[in-house]
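Analysis of the macromolecular model
If you want the building blocks of each chain, they are given just below.
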Amino acid sequence: MEQKKQIPQVPLARFLKHSLAILNNPLPFHKDNFERLGDTFRLNISFTESVLFSRDAGLLQYVLQKNQRNYSKSNIQTEDLAKYVGKGLLTAEGEHWQKQRKLIQPAFHKKQLILLLDNIKAAITSEILKIETSVDFDVFPIMNDLAFQTVAKSLFSSAIEEDEIKKIQYITEAAQKMLVKELRQPYLGWWFKASGKIEKHLALTREARVILKKLISERKQSGERFDDLLDMLLDARYEDGKPMEEEQLVDELLILFTAGHETTSNALTFAAQLIAKHPEVQEKIINEIDAFTTQDLMQSLKESPYTQAVVEESMRLYPPAYFIDRVNIEDEYFAGMSFPKGSSLLFSIYEIHRDPTFWEDSLQFKPERFIGVPKNQYSSHYFPFGAGPRMCIGNNFAMYEMVIAIQTLVSNFKIMHKTSAIEITPLITLKPKNAILQFEER
């Protein structure tokens, strides 16, 4: 019988001592604990609550795939995030999630996404052409607007006004910032409620819901078809032949706005910084574009293995979803470790993606590592979109968008870095900080 392992603990006093540093950036604190205590440790965050942190890729695979039925998402998503964005695919659980996943999955099939490629390309080109040359600036706002516009135009084609896009963008970003404060400072929960801060942000999300309901109503009344994501979601039917109710549709739209732009804008910013530091990578992307045999967008994506590898390597080093959370439904036992039911587990994708025992030159940017290798070669240590049944439904959409964006950037500009280090701000997702670049026309 396998010997039982004692999971090392980080005492509450140490957590409180470093609470300010954790609020600003928790990764160094977790890194130190991993180095001192091993790949899995328990962090006590109050007298009665604790969280299990792990960078054990085998345990993550077990939780997400091999025994996924014994795990659900934590309250961070199912309750804390859900109060702002509703019970959509990202925040739903159990039968409700299964029902929604089955309904929505066809809209994100590659054959359906072909219908969106022109909208994606147009939104990207419009934003990239706003870039000023020969000046140093933070590229993140450009990528953030690009990603949000891409989601908005893929959902609503041209039937949404710019002021509505900007309002929804402001609301979704404000809600996420508020949620970060709630999660990083749980001891101030009483103050966030008493001061009205939470209610203020809930009121904002109600504004977003009003805008989305108006857009849905206008589409239904118009009788026009755009073959965009809204049309696909309106066409979707459950097994009993019924469509989504309006409130559920709004939940799904809010999820698509929140999850669909946040992670992509982060990934594109990090990718731009990395290729700025590697001019030879930019030249290889240009050579790939020059070798295209067609003007067809989908075919050109198939002819872009190097650009795709650049995106994949960027997300390895800087995974936007840098932590994955789960809670076990029943008692669990893995590799000598026991987890009582109801244990909160947080997996560091950031650490797993940089594991030097698996990744050669793990801190180096080497897109070539993803060229010409079987898709499953890295699956045990590579989780940019999660894994298992709850793998991100928009992974193909995101990859198409990012490949098109990187190629459009590089074909129009030479990109030069202006800061030596790539800085990060870990919030709900891993966000870039001070991404100062300079662009010159090609």
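Structure: above.
Residues numbered from 1 in each chain as written. Predicted model: local features only at pLDDT ≥ 70, side-chain atom pairs only at ≥ 80, totals over all residues. Heavy atoms only, no water.

Mapped onto the secondary structure, Met-143 falls in helix α9 (residues 140-156). Taking the C-alpha atoms as reference, Met-143 lies 10.0 Å from Phe-270; in sequence the two are 127 residues apart. Discounting chain neighbours no more than four positions away, the residues touching Met-143 are Ser-265, Leu-268, Thr-269, Ala-272 and Leu-409. (Helix = DSSP H or I, 4+ residues; strand = E, 2+ residues; numbered from the N terminus. Contact = heavy atoms within 4.5 Å.)

Let us look at the packing of aromatic side chains. This structure, assessed with the given rule, holds 18 aromatic pairs. Centroid distance Phe-53 to Phe-323: 5.9 Å. Interplanar angle 85°. Geometry classified as edge-to-face. You can see Phe-53 sitting in strand β3 (residues 50-54) and its partner Phe-323 sitting in strand β6 (residues 323-328), a full 270 residues away along the chain. Classification of Phe-53 as buried rests on a relative accessible area of 5%. Through pairs of rings, three or more aromatic residues link up here, namely Phe-34, Phe-41, Phe-53, Tyr-322 and Phe-323. The ring of Tyr-238 carries Lys-99 above its face, with NZ or CZ at 4.4 Å from the centroid. Geometry around Tyr-318 places Arg-354 over its ring, the cationic atom sitting 5.1 Å from the centre. (Phe/Tyr/Trp six-rings, centres within 6.5 Å; stacked < 30°, edge-to-face > 60°. Buried < 20%, exposed > 50% of the residue type's maximum accessible area, 1.4 Å probe, protein only. Lys NZ or Arg CZ within 6 Å of the ring centre and 35° of its normal.)

Inspection of the secondary structure puts Asn-33 in helix α3 (residues 27-37). Side chain to side chain, Asn-33 and Arg-36 meet in a polar contact 2.7 Å long. (Polar contact = N/O pair within 3.5 Å; in protein donor to acceptor, adjacent residues only side chain to side chain.)

A few words on unusual backbone geometry. For Ser-134, which is not glycine, the phi dihedral falls at a positive 65°. Looking at where Ser-134 falls in the secondary structure, it is placed in the loop between α8 (117-128) and β5 (136-138). Judged by its relative accessible area of 44%, Ser-134 falls in the partly exposed class. At Asp-361, a residue that is not glycine, the phi angle is positive and equals roughly 50°. Its location among the elements puts Asp-361 in the loop between α18 (349-352) and α19 (395-412). By relative accessible area, Asp-361 is classed as partly exposed at 36%.

Another aspect to go through is the sheet that holds strand β9 (residues 344-348). Read across the open sheet, the 6 strands follow the order β1-β2-β3-β9-β6-β4; overall the sheet is mixed. One side of each edge strand has no neighbouring strand; the edge strands of this open sheet are β1 (9-10) and β4 (71-72). Seen against the sheet, α3 touches β1, β2 (40-44), β3, β6 and β9 and runs at an angle of roughly 125° to β2. Of the strands in this sheet, β2, β3, β4, β6 and β9 touch helix α4 (residues 57-66), which is tilted by about 125° from β9. (Pairing = 2+ DSSP bridges. Axes fitted to C-alpha atoms, helices over the stretch in contact; angles between N-to-C directions.)

Attention now moves to the pattern of salt bridges. Counting across every chain of the model gives 29 salt bridges. With a closest N to O distance of 3.1 Å, Glu-93 and Arg-390 form a salt bridge. You can see Glu-93 sitting in the loop between α5 (75-85) and α6 (94-104) and its partner Arg-390 sitting in the loop between α18 and α19, a full 297 residues away along the chain. For Arg-390, a relative accessible area of 18% puts it in the buried group. The partner of Glu-207 in a salt bridge is Lys-167, with the nearest N and O atoms 3.3 Å apart. Of this pair, Glu-207 sits in helix α12 (residues 197-222) while Lys-167 sits in helix α10 (residues 162-184), and the two are 40 residues apart along the sequence. Owing to a relative accessible area of 36%, Glu-207 belongs among the partly exposed residues under this scheme. Through salt bridges with shared partners, one network takes in Lys-31, Glu-35, Asp-39, Arg-55 and Glu-351. (Salt bridge = Lys/Arg side-chain N within 4 Å of Asp/Glu carboxyl O.)

Bringing a nonpolar patch on the surface into the picture now. Where nonpolar side chains cluster on the molecular surface, the patch consists of Ile-76, Leu-183 and Ile-428 and spans about 190 Å² of accessible area. Mapped onto the elements, Ile-428 comes out in the loop between β11 (423-426) and β12 (430-433). (Patch = residues over 30% accessible without salt bridge, like charges linked within 9 Å, V, L, I, M, F, W, Y side chains within 5 Å. Areas by Shrake-Rupley, 256 points an atom, 1.4 Å probe, with all protein chains shown as cover.)

With that settled, consider a positive patch on the surface. Together, Lys-177, Lys-181, Lys-197 and Lys-200 make up a region of like positive charge exposed at the surface. Those elements that place two or more of their residues in the positive patch are α10 and α12. Looking at the element boundaries, Lys-181 is found in helix α10. Of the residues examined, Lys-181 reaches a relative accessible area of 41% and is grouped as partly exposed. (Lys, Arg positive; Asp, Glu negative; His and termini not counted. Charge placed at Lys NZ, Arg CZ, Asp CG, Glu CD.)

For α12, spanning 26 residues, the distance from its first C-alpha to its last is 38 Å, which sits close to the expected 38 Å at 1.5 Å a residue. For α12, the full list of buried residues reads Ile-198, His-201, Leu-202, Leu-204, Thr-205, Ala-208, Arg-209, Ile-211, Leu-212, Leu-215, Ile-216 and Arg-219. Of the surrounding secondary structure, the elements contacted by the buried residues of α12 are α5, α9, α10, α11 (189-194), α13 (229-235) and α14 (246-276). Phi turns positive one or two residues past the end of α12, at Gly-223, with a value near 75°. (Expected span 1.5 Å × (residues − 1).)

Our focus in this paragraph is the sheet that holds strand β10 (residues 413-417). Pairing within the open sheet is antiparallel, and its 3 strands lie in the order β5-β13-β10. Taken across any chain shown, the strands that pair with only one partner, and hence form the sheet edges, are β5 and β10. With strand direction ignored, the average angle separating the axes of adjacent strands in the sheet is 40°. Pairing of β5 with strand β13 (residues 436-441), which is carried by 3 bridges, proceeds in the antiparallel orientation.

Another aspect to go through is the nonpolar core. Counting residues in each nonpolar core, the largest one holds 122 residues, and the members touching the most others are Phe-108, Phe-156, Leu-212, Phe-257, Met-402 and Phe-439. Tallying contributions element by element places α14 first for this core, with 15 residues. Excluding anything up to four places from it in sequence, Phe-156 contacts Leu-212, Leu-215, Arg-219, Asp-228, Leu-230, Leu-253 and Phe-257. Listed in part, the 19 residues of the second largest apolar core include Leu-60, Tyr-62, Phe-347 and Phe-383. (Core = buried A, V, L, I, M, F, W, Y, C linked by side-chain atoms within 4.5 Å.)

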